[in-house]
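Breakdown of the fold
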Amino acid sequence: MNDPRDFLAFTRYGNLGVLLLGIGLLGVLIHRKPARQTIAAGVSLLGILLICEGSTLLHGATLSLRGSTVAVLIAAGVSLGTVLTIRAKSDANKQAT
């Protein structure tokens, strides 16, 4: 039988993950600027990661190193995508003037 603390960890991680996933998907649908869509996609991917980590805790395992690595890669990808889109937009503005 699972420990009740594992279920509480799953509900906390799962609820936060579902909230982040919903906010991220809503941001992807609403925003038209590529930088904001990139950030929203990163938020939704982080929500999926939290749901997966919560289900790992429910089954009695410890938080995985793989999950932490994926979180760092998501953050790096979002920041790189945001910087590249902002830089490309500023370069296009400079060429237009």
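Here the structure is a predicted model, which is why all the values come from computation and not from measurement. (Residues numbered from 1 in each chain as written. Predicted model: local features only at pLDDT ≥ 70, side-chain atom pairs only at ≥ 80, totals over all residues. Heavy atoms only, no water.)

Considerations on the overall build of the protein
A tally of regular secondary structure across the protein gives three helices and zero strands. Seen in sequence order, the protein has helices and strands lined up from the N terminus as α-α-α. Taking 13 Å as the expected radius of gyration for a compact globule of 97 residues, we find that the protein reaches 17 Å, considerably beyond that expectation. Over its C-alpha atoms, taken along the principal directions, the protein stretches across nearly 70 × 25 × 10 Å. (Helix = DSSP H or I, 4+ residues; strand = E, 2+ residues; numbered from the N terminus. Rg over C-alpha atoms; globule rule 2.2 N^0.38 Å.)

Thoughts on the confidence of the model for the protein
Of all residues in the protein, 96% have pLDDT values of 70 or greater, and the mean over the chain is 81. Across the protein, element-level confidence peaks in helix α1 (residues 4-30) with a mean pLDDT of 86 and bottoms out in helix α3 (residues 65-96) with 78. (pLDDT = per-residue confidence, 0-100.)

Considerations on the environment of Leu 58
If you trace the backbone, Leu 58 turns up in helix α2 (residues 34-58). Once the C-alpha coordinates of Leu 58 and Val 72 are considered, the two residues, 14 residues apart in sequence, prove to be 23 Å apart.

A look at α2
Between its first and last C-alpha atoms α2 spans 36 Å; for 25 residues at 1.5 Å apiece the expected length is 36 Å, and the two agree. Of all the residues in α2, the buried ones are Ala 35, Ala 40, Gly 42, Ser 44, Gly 47, Leu 49, Leu 50, Glu 53, Gly 54, Leu 57 and Leu 58. Against α1 and α3 lie the buried residues of α2. Of the residues flanking the end of α2, it is Gly 60, one or two places downstream, whose phi is positive at about 90°. (Expected span 1.5 Å × (residues − 1). Buried < 20%, exposed > 50% of the residue type's maximum accessible area, 1.4 Å probe, protein only. Contact = heavy atoms within 4.5 Å.)

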